[in-house]
Amino acid sequence: LYPFIPDVILGDMAAYHKAGIETHMSLQVGGPVVAPEFNMLVFARGNWDASLTSDKFIADLASQISPTNSKPWAAYLQKRRKVFASAMRLCEYSNDIYFDYRWLPETVQPFGREMARAYECDASSLDKAADELSRNSKKASGRAEELARKEAGRAHFEAAELRAMASQQDAVNK
């Protein structure tokens, strides 16, 4: 998964700045194969613009990707942001043991059941967002239409991964 979590990134940067930390670093393991890694763009912009918000970043990026038809991209990125804010939510989970976001060692507590439902719902939302981006980007310039095709493919793959995570979590919950 390449979760899009601009609120977390910008919120962390603001907290670091408040604590007197002046430099930031991001570890990027692997890399996007078919589409850009939007978090790296947020991270770079946030380093230079302390007033940057997720909404402003999304609006600006959508306009840069497709200057004549930015609304589909803005809508898609907002939906992607919402999906991953839900799917990556681990705040209620104790971090005193190792866990991977794809595998919560949760077998009897309500949080595991809640996350299984969230993953399934998030998968459906991501599929729908990808379909809308594809459908609404047909009239975009060649480059923007190609990027929309690749991004929709990535989103459908991630939706399938979220469904697998839902099934796995549902199984361990039982």
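Please refer to the structure placed before this passage.
Criteria and thresholds
- Residues numbered from 1 in each chain as written.
- Predicted model: local features only at pLDDT ≥ 70, side-chain atom pairs only at ≥ 80, totals over all residues.
- Heavy atoms only, no water.
- Helix = DSSP H or I, 4+ residues; strand = E, 2+ residues; numbered from the N terminus.
- Buried < 20%, exposed > 50% of the residue type's maximum accessible area, 1.4 Å probe, protein only.
- Contact = heavy atoms within 4.5 Å.
- Areas by Shrake-Rupley, 256 points an atom, 1.4 Å probe, with all protein chains shown as cover.
- Salt bridge = Lys/Arg side-chain N within 4 Å of Asp/Glu carboxyl O.
- Phe/Tyr/Trp six-rings, centres within 6.5 Å; stacked < 30°, edge-to-face > 60°.

K.L.:
Can you tell me about the overall build of the chain, naming the residues and giving the values?
P.N.:
When its secondary structure is counted, the chain shows 6 helices and 0 strands. Each helix and strand of the chain, ordered N terminal to C terminal, gives the series α-α-α-α-α-α. Across the 174 residues in the chain, those meeting the buried criterion constitute 38%. Residue pairs in contact within the chain that sit at least 24 positions apart in sequence constitute 71% of those at least 6 positions apart. Accessible surface, the chain as shown: approximately 10,100 Å² in total, 58% of it carbon and sulfur.

K.L.:
Can you tell me about the pattern of salt bridges, naming the residues and giving the values?
P.N.:
Evaluated as defined, the whole model comprises 14 salt bridges. Here E120 and R163 are joined by a salt bridge, their closest N and O atoms 3.3 Å apart. With E120 in helix α5 (residues 110–136) and R163 in helix α6 (residues 142–173), this pair connects stretches of sequence that are 43 residues apart. Between D127 and R163 there is a salt bridge, and its shortest N-O distance comes to 2.8 Å. Residue D127 is located in helix α5, and its partner R163 is located in helix α6; the two are separated by 36 residues in the primary sequence. Residue D127 is classed as buried on the basis of its relative accessible area, which comes to 18%. Taking the relative accessible area as the measure of exposure, R163 reaches 27% and is therefore partly exposed. Residues joined in a network through salt bridges with shared partners are R80, E151, R154 and E158.

K.L.:
Got a sec to walk through the packing of aromatic side chains? Specific residues and values, please.
P.N.:
Throughout the structure, instances matching the rule amount to 3 aromatic pairs. Between F4 and F38, the aromatic rings sit 5.8 Å apart at their centres with planes inclined by 65 degrees, giving edge-to-face as the arrangement. Linking F4 in the segment before α1 (6–18) with F38 in helix α2 (residues 38–48), this pair joins segments that are 34 residues apart in sequence. Each member of the pair, F4 as well as F38, is classed as buried.

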